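Geometric and topological summary
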Amino acid sequence: MDIKYFDELRAFKIDTSNNSYIMAVVDDENFLGHVYYGPKLSDIPMYMLRINENPYVPSKNNRDRGSFMDTFPTELPGNGLGDYREGAVEIVDKDGHFAVCPTYKDYKIYEGKPELAGLPATFAGADADSKAMTLEITLEDKNVGLEFILRYSVFADSDAIIRSTEVVNVSDASVFIKKAMSFAMDMDAEDYELLTLHGSWARERQMDQRPIGYGKTSVGSVKGESSHQEHPFMALVQKGADQKQGRVYGFNFVYSGNFLAQVEKSQFDSVRVLMGINPTGFKWELKAGDKLQMPEVVSVYSDEGIGRMSRTFHDLYRNHLIRSPYKDKKRPILINNWEATYFQFDTDKLIAIAKEAQKAGIEMLVMDDGWFGHRDDDNSSLGDWYVNEDKLKGGLKYLVDEVNKIGLKFGIWFEPEMISPDSDLYRAHPDWAIAIPGRTPVRSRNQYVLDLSRQEVVDYVFDVVSKVLHSANIEYVKWDMNRQITDLGSYCLGKDNQGELFHRYVLAVYQLQERLIKEFPNLLLENCSGGGARFDPGMLYYGPQIWCSDDTDAIERLGIQEGTALVYPLSSMGAHVSDCPNHTVGRNTPFSTRGNVALAGTFGYELDITKIPQEDRDSIPGQVEMYHKYNPLVRTGDYYRIASYRENHYFDCYGVVSKDKSEALFTFVQVMGRPNYHSRIVRLDGLDPEKKYVVEGEDVSYTGETLMKAGLQIQNLWGDYQSKLIHLIEA
Ligand code: GLA
């Protein structure tokens with residue numbers, strides 16, 4: 001890790017262990033250009049800026065200034081002054097003009113990495129390996145009186161580069177910021193393709209790769225959350241690259257609201273990468289002297305394919321983003337009553353589940369939706385966070401104490417950001433819902449969203465949630481968010497400030513969760529949003545795990561978990577075993593396969609243990625044992641994607657290898673049985689070629705070299721949806 005300024009060249013060079021990122025200031029007008037990002041270099045290849053050829057810099061050829069502006073690889077492109085590619089910044093200045101061109105002013109290099117006020121952010125550790133360095137480059141546009149502080153941080157133990165933008169109004173009047181991307185970079189388009197994650201409810205984060213054509217290609221969200229449909233991640237992947245080879249640039253936005261991730265291929269075959277808060281619906285009044293810190297982007301370059309990129313993200317998030325005391329711990333195996341009972345439960349039912357669960361080795365009962373107000377279905381009571389004593393006779397504390405006596409911890413579900421039209425809260429404060437006066441607000445799941453841009457609403461939510469948590473020994477919270485935001489209108493923001501609501505909302509969610517984990521430092525917080533619509537790095541800063549998807553079908557989960565693990569560590573993926581036929585897709589899969597697939601995540605159950613077939617119930621203790629045995633490896637090891645049923649239509653295989661390569665666990669799922677077929681030979685990855693590994697349960701051992709070059713033989717299994725865990729231990 002190193003960051004240096006080269007005076008003669010006016011160049012900045014950021015080095016990680018394996019990569020370099022280089023910028024330089026050019027011309028009398030101090031344009032900051034992007035020189036290079038890729039494998040580590042010892043030189044500074046200034047020719048990458050192509051300022052030694054036509055159209056030249058303005059001081060040499062101002063006649064064709066427009067051509068320069070439209071071709072120069074700009075580190076933070078402005079708007080309205082000749083660069084017709086999409087800018088990273090859009091403003092309206094005090095005179096109503098929108099032109100802006102940030103140019104270099106000065107820089108600072110220092111040890112460490114500053115926090116981003118009110119925002120989630122990666123952080124440095126105390127020991128030498130996890131230290132950070134930061135480069136701060138200040139750009140300015142004197143005409144409009146704005147400064148832009150670009151921050152680049154690196155960690156000693158990571159190849160990731162973290163970047164963010166802060167806007168400062170140094171003028172004496174308000175300027176409206178309509179867009180300020182956190183990351184922008186121009187480079188040659190070469191043969192890169194675009195890899196993104198798309199989805200839907202119950203089908204989150206499916207991988208999609210396509211060529212980059214001319215013009216703009218983007219993914220984004222304007223839903224007020226990162227969303228089921230598109231994901232704040234994109235990668236530029238060299239055509240033909242795979243898990244093990246090829247150049248890959250991955251970008252992930254550390255934010256949980258609206259985002260835009262875009263590539264634009266220009267007439268000269270360059271590509272402009274942009275990532276930041278989506279400008280749709282965004283307009284922020286930056287008053288004289290004010291600052292606006294935009295969230296950060298994590299960028300990861302790998303020249304060893306997609307697999308290396310994923311592992312870099314996983315390590316970064318495990319070491320430098322997740323803060324929870326649970327991050328390095330086995331999470332209690334939970335049983336959640338959602339798919340078991342939906343809204344129809346009472347104290348007796350929950351106690352019956354807890355008793356049976358305890359016998360099987362399950363460690364925590366989570367009471368899901370339906371315990372408060374008069375919520376017997378999803379039409380009411382959000383906001384009325386007081387216990388429904390018709391259902392929970394004796395109250396919450398009684399239930400929690402009983403569950404604790406049985407030997408289980410207790411967790412609870414909340415959806416704190418919401419308000420039902422049928423709630424005491426709405427009857428008392430109709431103006432607390434986000435709405436536009438005169439318009440009938442859109443209902444979704446029959447609910448509205450609280451206007452969290454108002455501090456009194458935030459304080460109410462915090463008080464009411466913490467009161468419940470203080471009232472009993474509650475050790476886990478599932479924080480849900482079950483609708484997207486529409487009708488952007490706040491009763492308290494002025495007419496020039498309504499465009500701040502989306503971002504203020506997300507900042508308030510962060511404030512709430514920060515207060516929550518400060519007040520309850522040992523709480524295990526699992527975020528959730530209608531399944532996995534808010535599975536993003538922003539939320540991982542507050543809670544160590546996120547519910548991946550409402551789809552608990554083992555086969556659907558293969559694709560969802562593959563897409564999720566493209567970026568996020570397995571330790572963060574909420575995964576449960578549920579009953580069959582599966583409630584989302586109607587599929588029947590073996591109980592063992594449901595368990596094997598859930599072992600790749602946080603692991604738990606989501607079923608009525610008092611009702612499932614005896615045979616399934618009898619296999620839970622075995623699965624519990626496997627969780628205890630394998631979870632330390634799954635949580636801390638390196639992830640390798642071996643085969644994907646998405647591509648081959650027959651089987652899936654992935655594994656986790658311990659950091660010292662002495663142990664590995666591979667999961668093989670035969671999705672479709674094939675008649676008249678021989679065994680499969682599957683080439684494993686990530687092992688030490690020189691070590692010898694015993695395949696547990698089979699009286700055989702092979703070298704890592706053989707297992708990786710020749711492969712492991714896996715016999716054809718009988719039937720669809722069969723699976724097998726392959727545990728390798730160093731001989
Ligand atoms: C969302 C969650 C589910 C469950 C329900 C309750 O859909 O993803 O797990 O908590 O809400 O309403």
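Residues numbered from 1 in each chain as written. Predicted model: local features only at pLDDT ≥ 70, side-chain atom pairs only at ≥ 80, totals over all residues. Heavy atoms only, no water.

On to the overall build of the protein chain, then. What the protein chain contains, in helices and strands, is 14 helices and 40 strands. Here the protein chain has a C-alpha radius of gyration of 27 Å; the compact-globule value for 731 residues is 27 Å, and the two agree. Taking the principal axes of its C-alpha atoms as reference, the protein chain extends roughly 85 × 70 × 45 Å. In the protein chain, which comprises 731 residues, the share counted as buried stands at 62%. Across the protein chain, every contact between residues at least 6 apart in sequence was considered, and the portion connecting residues at least 24 apart equals 69%. (Helix = DSSP H or I, 4+ residues; strand = E, 2+ residues; numbered from the N terminus. Rg over C-alpha atoms; globule rule 2.2 N^0.38 Å. Buried < 20%, exposed > 50% of the residue type's maximum accessible area, 1.4 Å probe, protein only. Contact = heavy atoms within 4.5 Å.)

Quick look at the site of the ligand now. Around the ligand sit 13 residues, and of these Asp368, Asp369, Lys478, Gly531 and Asp550 come closest. Asn482 is positioned with one of its side-chain polar atoms (N or O) 3.0 Å from an oxygen atom of the ligand. Here Asp550 contributes a side-chain N or O atom positioned 2.5 Å from an oxygen atom of the ligand. In isolation the ligand offers 310 Å² of accessible surface; the protein chains occlude 96% of this area. (Near = heavy atom within 4 Å. Polar contact = N/O pair within 3.5 Å; in protein donor to acceptor, adjacent residues only side chain to side chain. Areas by Shrake-Rupley, 256 points an atom, 1.4 Å probe, with all protein chains shown as cover.)

On to the packing of aromatic side chains. Evaluated as defined, the whole model comprises 37 aromatic pairs. Considering the side-chain rings of Tyr21 and Tyr152, the 5.6 Å spacing of their centres and the 50° angle between planes classify their relative orientation as tilted. Highlighted residues: Tyr21 in strand β3 (residues 19-26) and Tyr152 in strand β8 (residues 146-155), separated in sequence by 131 residues. The rings of Tyr21, Tyr37, Tyr152, Tyr192, Tyr249 and Tyr301 are connected pair by pair, giving a single aromatic cluster. (Phe/Tyr/Trp six-rings, centres within 6.5 Å; stacked < 30°, edge-to-face > 60°.)

Time to look at helix α5 (residues 395-406). Here α5 is twelve residues long and its end C-alpha atoms lie 17 Å apart, about the 16 Å a rise of 1.5 Å per residue gives. Of all the residues in α5, the buried ones are Gly395, Leu396, Leu399, Val400, Glu402, Val403 and Ile406. Tucked inside the fold, the buried residues of α5 contact α4 (347-360), β23 (364-367), β24 (409-414) and α7 (455-470). (Expected span 1.5 Å × (residues − 1).)

Turning our eyes to something else, we now look at the packing of α4 against α5. Relative to each other, α4 and α5 sit at 15°, their axes nearing to 9 Å. When the axes of α4 and α5 are compared, the pair comes out roughly parallel. For α4 against α5, the interelement crossing comes out right-handed. Facing Thr347, Leu350, Ile351, Ala354, Lys355 and Gln358 of α4, the residues of α5 in contact are Tyr398, Leu399, Glu402, Val403 and Ile406. Of the residues contributing to the contact of α4 with α5, the split by class is seven nonpolar, two polar and two charged. (Axes fitted to C-alpha atoms, helices over the stretch in contact; angles between N-to-C directions. Parallel < 35°, antiparallel > 145°, perpendicular 65-115°, else oblique. Left-handed = near helix turned anticlockwise from the far one by under 90°. Nonpolar A, V, L, I, M, F, W, Y, C, P; charged D, E, K, R; others polar.)

We now examine the packing of α7 against helix α8 (residues 501-519). At a closest axis distance of 10 Å, the pairing of α7 and α8 adopts a crossing angle of 30°. Regarding the angle of α7 to α8, the classification is roughly parallel. When you trace α7 past α8, the crossing you get is right-handed. Taken together, the residues of α8 that come into contact with α7 (itself represented by Gln455, Val458, Asp459, Val461, Phe462, Val465, Leu469 and His470) are Ala508, Gln511, Leu512, Arg515, Leu516 and Glu519. Its residues assigned to classes, the contact of α7 with α8 shows eight nonpolar, three polar and three charged.

With that settled, the discussion passes to the sheet that holds strand β4 (residues 31-39). Judged by pairing direction, the sheet is antiparallel, and its four strands sit side by side in the order β1-β2-β3-β4 without closing on themselves. Each edge of the sheet is formed by a strand with only one pairing partner; in this case those strands are β1 (2-6) and β4. Averaged over all neighbouring strand pairs, the angle between strand axes comes to 15°, with direction disregarded. (Pairing = 2+ DSSP bridges.)

What follows concerns unusual backbone geometry. Excluding glycine, residues mostly have negative phi values, and the peptide bonds linking residues are mostly trans. Cis geometry marks the peptide bond from Asn54 to Pro55, where omega comes out at 5°. Unusually for a residue other than glycine, Asn446 sits at a positive phi of about 60°. The topology assignment puts Asn446 in the loop between α6 (424-428) and β26 (448-449). Of note in the backbone geometry, Tyr721 takes a positive phi value of approximately 60° without being a glycine.

Here the focus is the pairing of strand β40 (residues 722-730). Where strand β35 (residues 663-670) meets β40, eight bridges bridge the pair, whose relative direction is antiparallel. Along β40, the bridge assignment pairs Leu665 with His727. Examined bridge by bridge, strand β37 (residues 692-695) and β40 share three bridges and lie antiparallel to one another. The partner of Tyr693 across the bridge, within β40, is Glu730.

The next point concerns the nonpolar core. Counting 194 residues, the largest nonpolar core has Ile177, Leu236, Trp371 and Ile412 as the members making the most contacts within it. A per-element tally of this core places α8 first, with ten residues. If we ignore the near neighbours within four places in the chain, the residues touching Ile412 are Val366, Met367, Trp371, Leu396, Val468, Leu469, Ile474, Tyr476, Val477 and Lys478. Counting 19 residues, the second-largest nonpolar core is a separate cluster that includes Tyr693, Val695, Leu707 and Ile714. (Core = buried A, V, L, I, M, F, W, Y, C linked by side-chain atoms within 4.5 Å.)

Our focus in this paragraph is the environment of Pro613. Note that Pro613 resides in the loop between β32 (604-606) and α12 (614-636). Accessibility expressed as a relative area gives 44% for Pro613, which makes it partly exposed. Between the C-alpha atoms of Pro613 and Asp579, which are 34 residues apart in sequence, the distance is 9.4 Å.

A complete count under the given rule lists 61 salt bridges for this structure. Between Asp64 and Arg63 there is a salt bridge, with its nearest N and O atoms 2.8 Å apart. Judged by its relative accessible area of 25%, Asp64 falls in the partly exposed class. The class of Arg63 is exposed, set by a relative accessible area of 72%. Salt-bridge contacts for Arg534 lead to Glu417; the nearest nitrogen and oxygen are separated by 2.6 Å. With Arg534 in the loop between β28 (524-527) and α9 (537-540) and Glu417 in the loop between β24 and β25 (418-419), this pair connects stretches of sequence that are 117 residues apart. The exposure class assigned to Glu417 is buried, which follows from its relative accessible area of 0%. One continuous salt-bridge network, built from bridges that share partners, spans Glu562, Arg641, Arg646, Glu647 and Asp652. (Salt bridge = Lys/Arg side-chain N within 4 Å of Asp/Glu carboxyl O.)

Pairing is antiparallel in the open sheet, where four strands are placed in the order β11-β18-β17-β14. Of all strands in the sheet, those bounded by a partner on one side alone are β11 (183-188) and β14 (215-221). For this sheet, the mean inter-axis angle between neighbouring strands, taken without regard to orientation, is 10°. As paired strands, strand β17 (residues 259-265) and strand β18 (residues 270-276) are joined by six bridges and run antiparallel to one another. Of the residues in β18, the one forming a bridge with Gln262 is Leu274.

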